Amino acid sequence: MDPTFELVEAIRATDNAVYLLDQRQLPDIVDYLPCTTGQDVIQAIQVLAVRGAPAIGIAGAYGLWLESRRLRDTPNFHDELKKSAEQIQSARPTAVNLSWAVRYALSHVQSLGVDDTIKTLKQIADQLLAEDVALNRQIGDWGLSLFDGKVSLLTHCNTGSLATGGYGTALGVIRSLFREHRLREVFVDETRPLLQGARLTAWELSQEKIPARLITDSMAGSVMAQHLVDGVIVGADRIALNGDTANKIGTYSVAVLAHYHQIPFYVAAPLSTFDANALSGADIPIEMRNPDEIRKLRGVNIAPEEIETYNPAFDITPGRLITAFITEKGVIRPPFDKTIRDMVSGNAP
Ligand SMILES: CSC[C@H]1O[C@H](OP(=O)(O)O)[C@H](O)[C@@H]1O
């Protein structure tokens, strides 16, 4: 990637507002939503104007700052702020980054006065945003060690600058491989029903002239059967201590196909995506979303209005189907029951 290339910014903040790139309108329109309250941010997270586990965590932290400004003159300021934090954390249930970031921010202001709270929450949100790019570049560089020579990869959903503070997780590894001239091409799953692959990943890769081919989700198996990919790399929304991983719906199918075709399957994610309270995938809440996301495409019916649907936003890939996790602190390989605990607790060698 051209080092002078400007990464797309999903989140921008000024002294009194947060601007979220409205990802519902991509790739056609680049437009930022102004947010001045926590409720504005909650709404943007729920409609996926801002999306992607790390990005919604950062947006949530900014939302808490906006709430502290709104509540400035409210009696019981900290009690009200705690209620706002709980509302922001519950905007979407699966990505642990959201609850982690909001809890992290709140924990730093409990004993502060109102003005110091407002100032500190803004500093923390700015810090999470600024640090995320460096953190993703570390993930990207650790990912380089997993591949020999020039490789073709398949990815699912969007894990790029739009899903993070910049650079991306799985897409960050792809960017690092491209920068090192070690990427042949990327097969991009369109990722039904909301098409994060077609609309967002294809857009990011096209902007940077990274070689890619867009495929329908149903083509992933055929692409593997034809030996067109050397590996699969995806992101994550929440990872349990045994390696079971919640990620965009369809990830499990890709993992099963990769396993069948003996193709390595990697998950790229920051340590903040690992949930020490989740022993297995059974402990991860899966968000169920609006049926019209399946029945309609940009407002146009593609199915009978009365047809029932099943629309989980995520599925669980068992740890046994995952070759390794790529984090900012290194690569985590099986046995995940031990190695994830070691990495999360800082005891990894
Ligand atoms: C960098 S992780 C992004 C992660 O979040 C996506 O979900 P959504 O678009 O619904 O926020 C998807 O699971 C990606 O892997």
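Residues numbered from 1 in each chain as written. Predicted model: local features only at pLDDT ≥ 70, side-chain atom pairs only at ≥ 80, totals over all residues. Heavy atoms only, no water.

An unreviewed UniProt entry annotates the chain as Methylthioribose-1-phosphate isomerase originating from Sulfobacillus thermosulfidooxidans. Looking at the chain in UniProt, the text filed under Sequence similarities (unreviewed entry) is "Belongs to the EIF-2B alpha/beta/delta subunits family. MtnA subfamily." Taken directly from UniProt, the Catalytic activity (unreviewed entry) text for the chain runs: "5-(methylsulfanyl)-alpha-D-ribose 1-phosphate = 5-(methylsulfanyl)-D-ribulose 1-phosphate". (UniProt positions renumbered as here; feature names shortened; annotations may be inferred.)

Colleague: Would you mind showing me how to read the site of the ligand here?
Modeller: In the region of the ligand, 19 residues are neighbours, and Gly-52, Arg-92, Asp-237, Asn-247 and Lys-248 sit closest. In this structure, Gly-52 approaches the ligand through a main-chain N or O atom, which is 2.8 Å from an oxygen atom. Note that an oxygen atom of the ligand is positioned 2.8 Å from one of the side-chain N or O atoms of Arg-92. Within the complex, the protein chains bury 99% of what would otherwise be the 400 Å² of accessible surface of the ligand. (Near = heavy atom within 4 Å. Polar contact = N/O pair within 3.5 Å; in protein donor to acceptor, adjacent residues only side chain to side chain. Areas by Shrake-Rupley, 256 points an atom, 1.4 Å probe, with all protein chains shown as cover.)

Colleague: Can you help me understand the pairing of strand β10 (residues 265-268) in this one?
Modeller: In summary, the side chains of a regular strand alternate between the two faces of the sheet. Every second residue of β10 is oriented toward a common face, with Phe-265 and Val-267 on one face and Tyr-266 and Ala-268 on the other, all of them buried. Here strand β7 (residues 231-234) pairs with β10 via three bridges, running parallel. The residue of β10 that forms the bridge with Ile-233 is Tyr-266. (Buried < 20%, exposed > 50% of the residue type's maximum accessible area, 1.4 Å probe, protein only. Helix = DSSP H or I, 4+ residues; strand = E, 2+ residues; numbered from the N terminus. Pairing = 2+ DSSP bridges.)

Colleague: So what exactly am I meant to see when it comes to the domain arrangement of the chain here?
Modeller: Note: interface size is frequently given as the accessible area lost on complex formation between the parts. By domain assignment, the chain separates into domain 1 (3-136) and domain 2 (146-344). Once you take the C-alpha centre of each, domain 1 and domain 2 turn out to be 24 Å apart. Contact with domain 1, which involves 33 residues of that partner, is made by 38 residues of domain 2. The junction of domain 1 with domain 2 conceals about 2900 Å² of combined surface from both sides, 57% of it contributed by carbon and sulfur atoms. Considering only the surface of domain 1 that becomes buried against domain 2, Arg-51, Thr-94 and Asn-136 emerge as the three largest contributors, covering 21% of it. (Domains from an automatic or database assignment. Contact = heavy atoms within 4.5 Å. Buried area = accessible area lost by both parts, 1.4 Å probe.)

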